Structures are given as structure tokens and as C-alpha cells.
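Per-entry structural report
These are the residues of each chain, in order.
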Amino acid sequence: MDFIDLKSQYAALRDNINARIQKVLDHGQYILGPEVKEMEEALVAYTGAKHCISVASGTEALLICLMALDLQPGDEVITSPFTFAATAEMIVLAGGVPVFVDIQPGTANIDPTLIEAAITARTKAIMPVSLYGQVADMDAINTIAGKHGLAVIEDAAQSFGASYNGKKSCNLSTFGCTSFFPSKPLGCYGDGGAIFTSDDKLAQACREIRTHGQSQRYLHTRIGVGGRMDTLQCAVVLGKLDRFEWEVRRRLELGEAYRAKLSAAIPGLQLLEVKGDRDCVWAQYTVFVDDREAVQARLKAAGVPTAVHYPRPLHHQPAYAKYGKPEDCPHSIDAAQRVMSLPMSADLTEEQQDQVVAALAQALA
Ligand SMILES: *Cc1c(COP(=O)(O)O)cnc(C)c1O
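Cut-offs applied
- Residues numbered from 1 in each chain as written.
- Predicted model: local features only at pLDDT ≥ 70, side-chain atom pairs only at ≥ 80, totals over all residues.
- Heavy atoms only, no water.
- UniProt positions renumbered as here; feature names shortened; annotations may be inferred.
- Helix = DSSP H or I, 4+ residues; strand = E, 2+ residues; numbered from the N terminus.
- Rg over C-alpha atoms; globule rule 2.2 N^0.38 Å.
- Contact = heavy atoms within 4.5 Å.
- Lys, Arg positive; Asp, Glu negative; His and termini not counted.
- Charge placed at Lys NZ, Arg CZ, Asp CG, Glu CD.
- Salt bridge = Lys/Arg side-chain N within 4 Å of Asp/Glu carboxyl O.
- Buried < 20%, exposed > 50% of the residue type's maximum accessible area, 1.4 Å probe, protein only.
- Pairing = 2+ DSSP bridges.
- Axes fitted to C-alpha atoms, helices over the stretch in contact; angles between N-to-C directions.
- Near = heavy atom within 4 Å.
- Polar contact = N/O pair within 3.5 Å; in protein donor to acceptor, adjacent residues only side chain to side chain.
- Nonpolar A, V, L, I, M, F, W, Y, C, P; charged D, E, K, R; others polar.

Going by an unreviewed UniProt entry, the protein carries the name UDP-2-acetamido-2-deoxy-ribo-hexuluronate aminotransferase and comes from Roseateles saccharophilus. What UniProt records for the protein under Sequence similarities (unreviewed entry) is the sentence "Belongs to the DegT/DnrJ/EryC1 family."

Regarding the overall build of the protein
When helices and strands are tallied, the protein shows 11 helices and 14 strands. On C-alpha atoms alone, the protein measures out to a radius of gyration of 20 Å, which is about the 21 Å that the 2.2 N^0.38 rule sets for 365 residues. Taken over the C-alpha atoms alone, the protein extends approximately 65 × 55 × 35 Å along its principal axes. Relative to all contacts within the protein whose residues are 6 or more apart in sequence, the contacts with residues 24 or more apart total 71%. With 34 positive and 43 negative side-chain charges, the protein shows a separation of 3 Å between the mean positions of the two kinds.

Focus: the pattern of salt bridges
For the coordinates displayed, the defined rule picks out 21 salt bridges. The partner of Arg243 in a salt bridge is Asp347, and the shortest N-O contact between them spans 2.8 Å. Here Arg243 is found in the loop between α7 (231–241) and α8 (244–265), whereas its partner Asp347 is found in the loop between β14 (339–342) and α11 (350–364), with 104 residues between them in sequence. For the pair formed by Arg243 and Asp347, the shared burial category is buried. The partner of Arg278 in a salt bridge is Asp277, with the nearest N and O atoms 2.8 Å apart. Three or more residues joined by partner-sharing salt bridges are found here, namely Asp137, Lys275, Asp277 and Arg278.

Regarding unusual backbone geometry
Cis rather than trans, the peptide bond between His309 and Tyr310 has omega equal to 10°. Looking at the element boundaries, Tyr310 is found in the loop between α9 (292–301) and α10 (330–338). In this structure, His212 is a non-glycine residue whose phi angle is positive, near 55°. Position of His212 among the secondary structure elements: in the loop between α6 (200–210) and β10 (214–216). Classification of His212 by relative accessible area gives partly exposed; the value is 39%. Although it is not a glycine, Trp282 sits at a positive phi angle of roughly 50°. Within the secondary structure, Trp282 sits in the loop between β12 (270–271) and β13 (285–288). Its relative accessible area of 6% is what places Trp282 among the buried residues.

Observations concerning the sheet that holds strand β5 (residues 151–155)
Taking strand neighbours across the sheet as the criterion, the seven strands line up as β1-β9-β8-β5-β4-β2-β3 in an open arrangement whose pairing is mixed. Strands with a single pairing partner mark the edges of an open sheet, and in this sheet they are β1 (51–55) and β3 (97–100). Along the sheet, successive strands turn relative to each other by an average axial angle of 25°, direction set aside. In this structure, strand β8 (residues 175–179) lies alongside strand β9 (residues 193–197), joined through four bridges in antiparallel fashion. Note on β9: the bridge partner recorded for Cys177 is Ile195. Sitting on the sheet, helix α5 (residues 138–148) is in contact with β4 (123–127) and β5, with an inclination near 155° to β5. The sheet strands contacting α6 are β1, β8 and β9, and the helix crosses β1 at an angle near 15°.

Structural notes on the pairing of β1
For β1, a buried count of five out of five residues is recorded, marking the element as mostly surrounded by other parts of the structure. Side chains His51, Ile53 and Val55 of β1 all project onto a buried face; the interleaved residues Cys52 and Ser54 project onto the opposite face, where all are buried too. Taken together, the five bridges between β1 and β9 define a ladder with antiparallel strand orientation. Across the sheet, residue Ser54 finds its bridge partner in β9, namely Ala194.

Description of the site of the ligand
As a matter of local geometry, the ligand sits amid 16 residues, with Gly58, Thr59, Asp155, Ser179 and Lys184 nearest to it. Between the ligand and the protein, one listed contact pairs an oxygen atom with a backbone N or O atom of Gly58 at 2.8 Å. Ser179 is positioned with one of its side-chain polar atoms (N or O) 2.6 Å from an oxygen atom of the ligand. Listing elements by their share of the shell around the ligand, those giving two or more residues are α3 (58–68) and α4 (86–93). Split into classes, the residues belonging to the shell around the ligand amount to six nonpolar, eight polar and two charged.

Digging into the environment of Ile141
Note that Ile141 resides in helix α5. Each C-alpha atom of the pair Ile141 and Gln29 lies 41 Å from the other, and the pair is 112 residues apart in sequence.

Quick look at the sheet that holds β13
Overall, antiparallel pairing links the three strands, which are arranged β12-β13-β14 in an open sheet. Since the sheet does not close on itself, it has two edges, and those belong to β12 and β14, each with one partner. Relative to β13, β12 runs antiparallel, the two being bridged by two bridges. Along β13, the bridge assignment pairs Leu271 with Val287.

Some words on the environment of Ser54
Position of Ser54 relative to the elements: it lies in strand β1. For Ser54, a relative accessible area of 1% puts it in the buried group. C-alpha of Ser54 to C-alpha of Ala108: the two residues are 54 residues apart in sequence and 28 Å apart in space. Each residue touching Ser54, except ones within four places of it in the same chain, is listed here: Val36, Met39, Glu40, Gly193, Ala194, Arg210, Gly227, Met229 and Cys234. A polar contact is formed between the side chain of Ser54 and the side chain of Glu40, at a distance of 2.8 Å.

Pasting the structure below:
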């Protein structure tokens, strides 16, 4: 069994994806071709955000948003240390300082009750991460941001398709940034990403920054990057969108089935808490276990692949240690020691899921 089954997805969508790729090869507009606009419009319709700016990756999306906010050296951005490195990495690359605020132990998302104490005169933005596919506490975060005049950037690299109070992830704050890395809930066949915003001025800034700060051809009005998403990759996303609603539904069903089966088979196993006003698209189906390495080894021997997202909080990574004290963010430290992700994708079968649950029960027995 695959940790993430992209082969079955391609088998189901093969004719559609192949035809869309062939069309790009035939028209030859590899950069900013018609599929780029078509995908951006489709994603605007899906999320409800006013603007979608496709970019080279989820990482690039975060960088371009921060550049659009005109971050000055020393400006602070509040984020979670329990995330993929790109979140804090782009804050530093944009000239800012990441300020780490701990997570809630149940959801593994940033704890909004700890944010205000971290705000200073230099704070420019809050960057919550919608980890594992569950949106962070955006209402509480937006309220704090509004009170202090801060921008909010949702790192929605794992949560595209998730809902929160009837709205879609990526349409919940100043910016939403997602990734189309192949293993994300909506993936392409290489690198890709998108920025969502409903602010016209910021959208225009992002579009210019995406193409070397050009407001028109060869007129460079600001510093930008080469951050476009390839037409071919947009064609792949368009090909996958045909089945995406079904995939999201399937992910929600499989998440619910995992919850029911795991709690029946393994009483006391700590599962991720999903709050009642939102769902989780399970970019990763992550559980908490003690003695993780041994459990992973037993699962591997039983033919069940696992992964760890993530083994260290960022303030325990050499490159980011200077942004905190080792004892900061104790819930992030604990989660990093105990999280383990199980096989998950829309094409996971019930038989495979039963096999995973049985193997985990055995491994923990
Ligand atoms: C995947 C991911 C990113 C980066 O996206 P890429 O498209 O790989 O650059 C950023 N943040 C989080 C939380 C991610 O999971």
C-alpha cells in the first residue's frame, strides 16, 4: 500500500489529464497560457475569494504575500513552530522575524489565546497554519488582527478544500496560500501553488511580484521574483478538479471511518481533535503515539507505511533556534515527539484502512 496513492487517482483521471496536457503542447503557450487563467477562475469559483494568483509553489505563495505587505527588516510575523519549515523560512527570507506561539494540544493548530501576548510594536502579520487539513481558529485570529491592525496569512498548504463555518479555507483572511505539491489534497505533477485574497490592491501587488515586479512588460516598479506556475501544471490541476468534490467528500468519509475504527480497536489512542464548526480534509491522517520509532518499525514490517509531520518544532531546528528558547512552546515539543501519520488519500480502500487499523492495534498491543 502507498502512503499516498496517486496512481489510482491518475488511473481514474488519465484521459482527462492527458488531453489537457496535450492541448498545452499543441498551443505551446507554456508560460501564462490560457490554462493559467482558467485554473485561477475555477479556484476563485471554488473558494469564493475574489482573486486567485497562481504561483510556482506554496512556499513562493507565502513569500509573495509577505513581499506584498512590504515587510521591513525586523518586522515580526506570529506563527506556529509546529509546521513545515517553509512557513517560518519565508518570513525570514522576506526580512522578517518569526515569533513562535504554541499550538493547542488537541488540534495541533496555533492557540489564539496565546497570540496577543506575543504582539509588539513590530508585529505586522499573523500566519496561522491549517495543519493536517483542518483550518485554524480563524475567527478568533481575525478578531485579534483587526484589533491590532495586522494582516492574516493562512498557510493553507494542507487545507485546500476544507470548510470552516460554511466558508472555504483560503477565503478566510487577508491572504490564503495553498500548495499543489503532488501529495497535497489538490496536487499537480510538479510544483505549484496559489494565493487567494479579496483585496484588489494586494492582489495586484502579488501579480506584479510574481513576474519580477512588472506593472507592464519591462516596467519594473517593485522588487519581485520569478514565481509563475507553469501552464502545464495548471492543466493538471484543471484535470484533477473534475473529481475534486468527490475526493473531498471521500477524504471526510475516510477520516470519519478512521476515527470510528481506531477508537473501537484501540481504546485510549489519542486522535486529532476536529472542532465542530469545521471539517478536516486530512492532508495527513495523524495520530499521537508513544515510542513512535518502534511503532513505525512494526507497521513497516506489516506493510503499512507511515510518516512524521513533523519530528521537531522549528525552534528546535538549527536554522531557527535563535528565534526561541528550547523550552518554549511545550505542546509543540510534545506533538513533535508523538505524531505519526497513517496512509491517506481519496483512493484508500476500506480494506486497506482495515489493514492499517489492525496493524496499528497489533503494533500497540
Ligand atoms: C507543503 C507545505 C508548504 C510548502 O508548499 P510547497 O508547494 O511544497 O512549496 C508550506 N507550508 C505547509 C504547512 C506545507 O505543508
